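Here's the letter readout for the chains.
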Amino acid sequence: MAILPIITVPNPLLKEISTPVGKVDDELRKFMDDMLETMYHAPGIGLAAVQVSRTIRVLVMDLSEDSEKPEPHYYINPEITWVSKEIGIYNEGCLSVPEQYAEIERPLECKVSYLDYDGKAQNIHCTGMLATCIQHEMDHLEGVVFIDYLSNLKRKMIIKKIKKQTE
Ligand code: GNR
Ligand code: NI
C-alpha cells in the first residue's frame, strides 16, 4: 500500500471531468487500496481519484466513527439516479481545499448506482452524512469543488490563502 500526494486548488486537474472505468481488475483494486490508505492518513472521510491525480470515476469513503471498526466503501462509475426535493445544509470541507469550510446546500437524500470492489452492480439510498459526502465526491468527478458554489470573491480569498500555505 502507498500514501499518494493529494493535490489542492487551484491545480487545473481538479477541473477535469473524470473518465469511466472500463474494467474492475487487480490493478484498479490496488489503486483503490492506496486511495483508502491516503484518505485514512489525511485524515478524511472520502476521496475521489482525481484528488490523487488520476482522472477516473472512482471514489472511496469511510463514515465510521473513530472508535468503531473501519468500514471502507468503494464506488466505481457511480451515478445519481434520484435526488430528494428536500435540501440540507452542511459545513463542508475538502482535502483539496485544506482547512477551509463553508455551508453548502444539497439534496438531503439521493439514490446512487455503482460498481463495488468486486465489480458487482449495486444500488443504494443515501441519507445523512452519506448523502452529503457522496454528492461532494461525485462533484469531483465532474471537475467541481465545493468552493465553486461560493461567490467569486469568497472563492478567490480561499484560493489565495491556500496558495500562501502551500508556497
Ligand atoms: O474529509 C472530508 N470531509 C468532508 C466533510 C464534509 C463534507 C464533505 C467532506 S469530504 C472530505 C474529503 C474530501 O475532500 N473528499 O473529496
Ligand atoms: Ni473533496
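Everything here concerns the structure above.
The sections below set out a description of the structure shown in this document. Just so we're clear, the structure is a prediction, and the values are computed from it rather than from any experiment. (Residues numbered from 1 in each chain as written. Chains lettered and ligands numbered in written order. Predicted model: local features only at pLDDT ≥ 70, side-chain atom pairs only at ≥ 80, totals over all residues. Heavy atoms only, no water.)

Here's the deal with the nonpolar core
The criterion, for reference: The nonpolar core is taken to be a set of buried Ala, Val, Leu, Ile, Met, Phe, Trp, Tyr and Cys residues, with the residues joined through side-chain atoms within 4.5 Å. Relative accessibility decides the category of a residue: with a 1.4 Å probe and only protein chains considered, values under 20% of the type maximum give buried, values over 50% give exposed, and everything between is partly exposed. Helix and strand definitions here come from DSSP, where helices need a minimum of 4 consecutive H or I residues and strands a minimum of 2 consecutive E residues; each element is numbered from the N-terminal end. Residue contacts are counted whenever heavy atoms from the two residues lie within 4.5 Å of one another.
Ranked by size, the top nonpolar core spans 16 residues in total, and within it Leu28, Met32, Met35, Ile56, Val58, Val60 and Ile76 carry the most contacts. The biggest single contributor to this core is helix α1 (residues 26-41), with six residues. Apart from the residues within four sequence positions on either side, valine 58 is in contact with Val21, Leu28, Met32, Met35, Leu47, Ala48, Ala49, Tyr75, Ile76 and Leu141.

Observations concerning α1
Think of an α-helix as turning once every 3.6 residues; residues three or four places apart then point the same way. To be explicit about the condition: Any helix carries an expected span of 1.5 Å times its number of residues minus one.
Over its 16 residues, α1 runs 22 Å from end to end, which matches the ideal 22 Å to within 8%, given 1.5 Å per residue. All of the buried residues along α1 are Leu28, Arg29, Phe31, Met32, Asp34, Met35, Leu36, Thr38 and Met39. As for α1, its buried residues are in contact with β1 (46-48), β2 (58-61) and β3 (73-83).

Quick notes on the site of ligand 1
What counts here: Working definition: residue near molecule or strand if any one of its non-hydrogen atoms lies within 4 Å of it. In protein, a polar contact means a hydrogen-donor-capable atom and an acceptor-capable atom, both N or O and within 3.5 Å, with residues adjacent in sequence counting only if both atoms are side-chain atoms; elsewhere, any N or O pair within 3.5 Å suffices. Methods summary: accessible areas were calculated by the Shrake-Rupley approach with a probe of 1.4 Å, and residue burial reflects only the protein chains presented. Think of it as three bins: nonpolar holds Ala, Val, Leu, Ile, Met, Phe, Trp, Tyr, Cys and Pro, charged holds Asp, Glu, Lys and Arg, and polar takes everything else, Gly as well.
Among the 13 residues in the neighbourhood of ligand 1, the closest are listed as Ile45, Gln51, Leu95, Glu137 and His140. Here leucine 95 contributes a backbone N or O atom positioned 2.8 Å from an oxygen atom of ligand 1. Contact distances for ligand 1 include 2.6 Å between an oxygen atom and a side-chain N or O atom of glutamate 137. Bound to the protein, ligand 1 loses 91% of the 380 Å² it would expose on its own. At the level of elements, β4 (87-94) and α2 (128-141) are the ones that each hand at least two residues to the shell around ligand 1. Looking at side-chain class alone, the shell around ligand 1 contains five nonpolar, six polar and two charged residues.

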